[in-house]
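# Analysis of the macromolecular model
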Amino acid sequence: MRKILEYPQIKNENLDVVKNLIDSVLENPNGDGSYELQELNRITGKTHTLSEFVEYWGWTDLDSIAKKVLTPEPPYVRNLEKDEIIEIVSIIKSTIISDDNKAEYYIELLHKSLSLPDVLKYIRLEDSEETITDNLLHASLNSVITL
């Protein structure tokens, strides 16, 4: 797999800092958490809002949301090859339950790179990775994007 397609490693030294910032945002319900959010933005290079973290415990845990926050945005890869897509589909299928963050990363990478709005609908099919890839490529080539 090309370097650009590798799942990025999260810096563990930032994990505890991010978890503390997320907790701090939520500990003061009357505050806007602007300082904490600015720090999260600085550390991650992404823009975060308070709504991302409100009642996160209803759908995930603190470690998972902190890792998601620290995971960089996936790149747009213009020239994905069929065997690379097969490998990515395989990774998504094998991690969608055990490592949701990794699966989401690769789903977004395919979404950006193939310009398809609902990549997951193809991956949910119980087809082989090669059949799913063929369907993704066919849809990508035949999709029309309207502005």
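Above: the structure in question.
Okay, so let's go over this structure. (Residues numbered from 1 in each chain as written. Predicted model: local features only at pLDDT ≥ 70, side-chain atom pairs only at ≥ 80, totals over all residues. Heavy atoms only, no water.)

## Quick word on helix H4 (residues 82–95)
When the terminal C-alpha atoms of H4 are compared, their 20 Å separation across 14 residues agrees well with the 20 Å that a helix rising 1.5 Å per residue should span. Among all positions in H4, only Glu-84, Ile-85, Ile-88, Val-89, Ile-91, Ile-92 and Thr-95 are buried. Within H4, the buried residues cover an arc of 160° as seen down the axis, which keeps them to one side. Of the residues in H4, the exposed ones pointing more than 90 degrees away from the buried face are Asp-83 and Ser-94. On its buried face, H4 is in contact with helix H5 (100–114), helix H6 (119–123) and helix H7 (129–142). (Helix = DSSP H or I, 4+ residues; strand = E, 2+ residues; numbered from the N terminus. Expected span 1.5 Å × (residues − 1). Buried < 20%, exposed > 50% of the residue type's maximum accessible area, 1.4 Å probe, protein only. Arc of directions from axis to C-beta. Contact = heavy atoms within 4.5 Å.)

## Considerations on the packing of aromatic side chains
Inspection of the entire model under this criterion finds 4 aromatic pairs. The interplanar angle of 40° and the centroid separation of 6.3 Å between the aromatic rings of Tyr-7 and Tyr-106 together place this pair among those described as tilted. Of this pair, Tyr-7 sits in the segment before helix H1 (12–27) while Tyr-106 sits in helix H5, and the two are 99 residues apart along the sequence. Residue classification places Tyr-7 among the buried residues on the basis of a relative accessible area of 18%. (Phe/Tyr/Trp six-rings, centres within 6.5 Å; stacked < 30°, edge-to-face > 60°.)

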